[in-house]
Protein chains: 2
Amino acid sequence: MNVIILPLSAFDDTAATIDNAEQLNHIKTVLKASVGDTLKIGKLGDKMGVGQIAHIDDKVCLLENVRLDTNPPPKLGVTVMLALPRPKVLRRLIMDMTAFGVHHIILINSVRTDKSYWGSPLLARLDEFVLEGLQQGVDSVPPAITLAKRFKPFVQDTLPSLINNKSALVFHPYADTSFKEFIHHNPLPDMIIIGAEGGFVPYEIELLASVGVRAVSLGERILRTESAVNATLGRWV
Amino acid sequence: MNVIILPLSAFDDTAATIDNAEQLNHIKTVLKASVGDTLKIGKLGDKMGVGQIAHIDDKVCLLENVRLDTNPPPKLGVTVMLALPRPKVLRRLIMDMTAFGVHHIILINSVRTDKSYWGSPLLARLDEFVLEGLQQGVDSVPPAITLAKRFKPFVQDTLPSLINNKSALVFHPYADTSFKEFIHHNPLPDMIIIGAEGGFVPYEIELLASVGVRAVSLGERILRTESAVNATLGRWV
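- As recorded by an unreviewed UniProt entry, chain A carries the name Ribosomal RNA small subunit methyltransferase E and is attributed to Moraxella caprae.
- Its UniProt record gives chain A a comment under Sequence similarities (unreviewed entry), which states: "Belongs to the RNA methyltransferase RsmE family."
- Taken from UniProt, the Subcellular location (unreviewed entry) comment for chain A reads in full: "Cytoplasm".

What follows is the structure, given as structure tokens:
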């Protein structure tokens, strides 16, 4: 937690109230902060700044002299469309993409996505994972998140307007061109599409190609989804 | 598991024996393979190839017609020196660095490395995590791994001969140059050095600088160690 991000409702003029258990725990056990100390904070969806601890106990931390005068860092300008991953890695993926500054995250169904993943209780906790990512990456503006439970209608009806003549790549181990070669000759793409473990099936790659998505490989080694997402986003930083 | 890597002792002429519980489970429940099917295998530290299932039960899988005629993919030509991370992320970090093809991994102590990490039972299981990484990345040759429990003597006495006039970078949020700028003007470095959560302290950065390690930043956002390692290695693939 490199900044504490609070909802709009936490603020009242130049005061703010922190009652989230994880944030309180961080202030007390990691920062070891007490009355008079200054905390780095941000308002969700708005600016970042500082506040001074006026009171702290086991239930609440009250801030005074709150100043929110810093703009959050710019977003990366890339949309990531990801086949819904195993619930176990969903939290870290959402956190990492948010920390990197991805501006739009699309979670889509795919043939190799286990149907049970859509029933995971973790899907109801995306806001929590986004908050963790913002607090890791020092940002206050959440990415847009879209859930696309049906692959074909989303790709055919919605994706074209999102791509809108910009550049979109899908990672596919059997593509002729590698991502490395592609970006050696072209600017970084506006959208990257990454499959579940096992990748997309040929039919999905063809459907994506029909709306202008180009397939590229990530080299001959096979990376975990999480590793591939981070490895790719590293090109932007 | 995209290839099954077996120790030298598993091979006997053109036969091989698999009795590792995870590998057996993978063959039966993921690959759903049975007698007559061909498996992609490799010999640890040697070549890769195929073998045909002659017998399989709950305890053992016997392969026949084993051919090991494929060279493993080349290593990345980069050494990663990492402040020993929290045990929780150690497994994934070793797996990922191995899957990427890092040829030498150094785990080093640092001021911000909790002393208890060196007592973690996971440190005795590095070979297991390397095996997972090889089987993920489709490789048969393990990286070299060095444990450096004392920062100063390792940096002063051992690191110079490892760097040996080649290029070594340490990630530091307060560096003037970013990694992106650096590699825009220079070839990819031969060694990257990454701190624990919280990074290296100024004294450590200075000691590294004294043996020729240059500090670069990874942009204004702060990434988790795991995310930073993958984001950086992504430049090589």
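Details of the domain arrangement of chain A
By a widely used convention, the size of an interface equals the accessible area lost when the partners come together.
Residues and elements named next belong to chain A.
Then step 1. Under the domain assignment used here, chain A contains domain 1 (4-70) and domain 2 (79-236).
Then step 2. Computed over C-alpha atoms only, the centres of domain 1 and domain 2 are separated by 33 Å.
Then step 3. Opposite the ten residues of domain 1 that make contact, domain 2 presents eight residues.
Then step 4. One can count zero salt bridges joining domain 1 with domain 2.
Then step 5. The interface formed by domain 1 and domain 2 contains four residue pairs in polar contact (both at pLDDT 80 or more).
Then step 6. Put simply, the parts of the chain that give the side of domain 1 that touches domain 2 at least two residues each are β1 (4-6) and β4 (38-43).
Then step 7. Of the residues in the side of domain 1 that touches domain 2, the class split is four nonpolar, two polar and four charged.

Considering the environment of proline 73 of chain B
Then step 1. Here proline 73 of chain B is to be found in the loop between β6 (61-70) and β7 (79-83).
Then step 2. Proline 73 of chain B sits in the buried class, given a relative accessible area of 10%.
Then step 3. Setting aside residues no more than four positions away along its own chain, proline 73 of chain B makes contact with Glu220 and Arg221 of chain A together with Met48, Val138 and Asp139 of chain B.

Section: the packing of helix α4 (residues 151-163) of chain B against helix α6 (residues 202-210) of chain B
All names here are of chain B.
Then step 1. The interhelical angle for the contact between α4 and α6, taken along N-to-C directions, is 10°, at an axis separation of 10 Å. The pairing of α4 with α6 is recorded here as roughly parallel in orientation. Considering only the axes of α4 and α6, their crossing is right-handed. Every residue of α6 that contacts α4 at Phe151, Lys152, Val155, Gln156 and Leu159 is listed here: Tyr203, Glu204, Leu207 and Leu208.
Then step 2. When the residues that make up the contact of α4 with α6 are grouped by side-chain class, the tally is six nonpolar, one polar and two charged.

Re the relation of the copies chain B and chain A
Then step 1. Superposition record for chain B on chain A: RMSD 0.0 Å, screw rotation 180°, translation along axis 0.0 Å. What we have between these two chains is a two-fold relation. When each C-alpha of chain B is compared by its distance to the rotation axis, alanine 231 of chain B comes out closest, at 2.1 Å.
Then step 2. Most of the interface of chain B is mirrored in chain A: 100% of its interface residues are interface residues there too.

What about the packing of helix α2 (residues 87-100) of chain A against helix α3 (residues 126-137) of chain A?
When two helices pack together, their arrangement is captured by the angle between the axes and the distance separating the axes.
Residue and element names in this part refer to chain A.
Then step 1. Look at α2 against α3: their axes get within 7 Å of each other, and the N-to-C directions meet at 45°. One way to sum up the angle between α2 and α3 is to call them oblique. Crossing of α2 against α3: the hand is right-handed. Across the interface between the two elements, Leu90, Arg91, Ile94, Met95, Thr98 and Ala99 from α2 touch Leu126, Phe129, Val130, Glu132, Gly133, Leu134, Gln136 and Gly137 from α3.
Then step 2. Per-class residue counts for the contact of α2 with α3 are eight nonpolar, four polar and two charged.

Here's the deal with the pattern of salt bridges
Then step 1. According to the stated counting rule, one finds 20 salt bridges over all chains in the structure shown.
Then step 2. Arginine 224 of chain A is paired through a salt bridge with glutamate 226 of chain A; the nearest N and O atoms lie 2.9 Å apart.
Then step 3. For the salt bridge of lysine 75 of chain B with aspartate 139 of chain B, the shortest nitrogen-to-oxygen distance reads 2.5 Å. Residue lysine 75 of chain B is found in the loop between β6 and β7, and its partner aspartate 139 of chain B is found in the loop between α3 (126-137) and β9 (144-148); the two are separated by 64 residues along the sequence.
Then step 4. Judged by relative accessible area, lysine 75 of chain B falls into the partly exposed class, the value being 26%.
Then step 5. Beyond isolated ion pairs, a larger network of salt bridges with shared partners links Arg92, Asp96, Arg224 and Glu226 of chain A together with Arg92, Asp96, Arg224 and Glu226 of chain B.

Focus on the sheet that holds strand β11 (residues 191-194) of chain A
Residues and elements named next belong to chain A.
Then step 1. Spatial ordering of the open sheet is given by β9-β8-β7-β11-β10-β12, a layout of six strands whose pairing is parallel. Edge strands, defined here as strands with exactly one partner in the open sheet, are β9 (144-148) and β12 (214-216). Direction aside, neighbouring strands of the sheet carry axes that sit 20° apart on average.
Then step 2. Bridge count between strand β7 (residues 79-83) and β11: four bridges; the pairing is parallel. Directly across from leucine 82, in β11, lies its bridge partner isoleucine 194.
Then step 3. Along the sheet, α2 makes contact with β7 and β8 (104-108), crossing β8 at roughly 155°.

Basis of the calculations
- Residues numbered from 1 in each chain as written.
- Chains lettered and ligands numbered in written order.
- Predicted model: local features only at pLDDT ≥ 70, side-chain atom pairs only at ≥ 80, totals over all residues.
- Heavy atoms only, no water.
- UniProt positions renumbered as here; feature names shortened; annotations may be inferred.
- Domains from an automatic or database assignment.
- Contact = heavy atoms within 4.5 Å.
- Salt bridge = Lys/Arg side-chain N within 4 Å of Asp/Glu carboxyl O.
- Polar contact = N/O pair within 3.5 Å; in protein donor to acceptor, adjacent residues only side chain to side chain.
- Helix = DSSP H or I, 4+ residues; strand = E, 2+ residues; numbered from the N terminus.
- Nonpolar A, V, L, I, M, F, W, Y, C, P; charged D, E, K, R; others polar.
- Buried < 20%, exposed > 50% of the residue type's maximum accessible area, 1.4 Å probe, protein only.
- Axes fitted to C-alpha atoms, helices over the stretch in contact; angles between N-to-C directions.
- Parallel < 35°, antiparallel > 145°, perpendicular 65-115°, else oblique.
- Left-handed = near helix turned anticlockwise from the far one by under 90°.
- Least-squares fit on C-alpha atoms with pLDDT ≥ 70 in both.
- Pairing = 2+ DSSP bridges.

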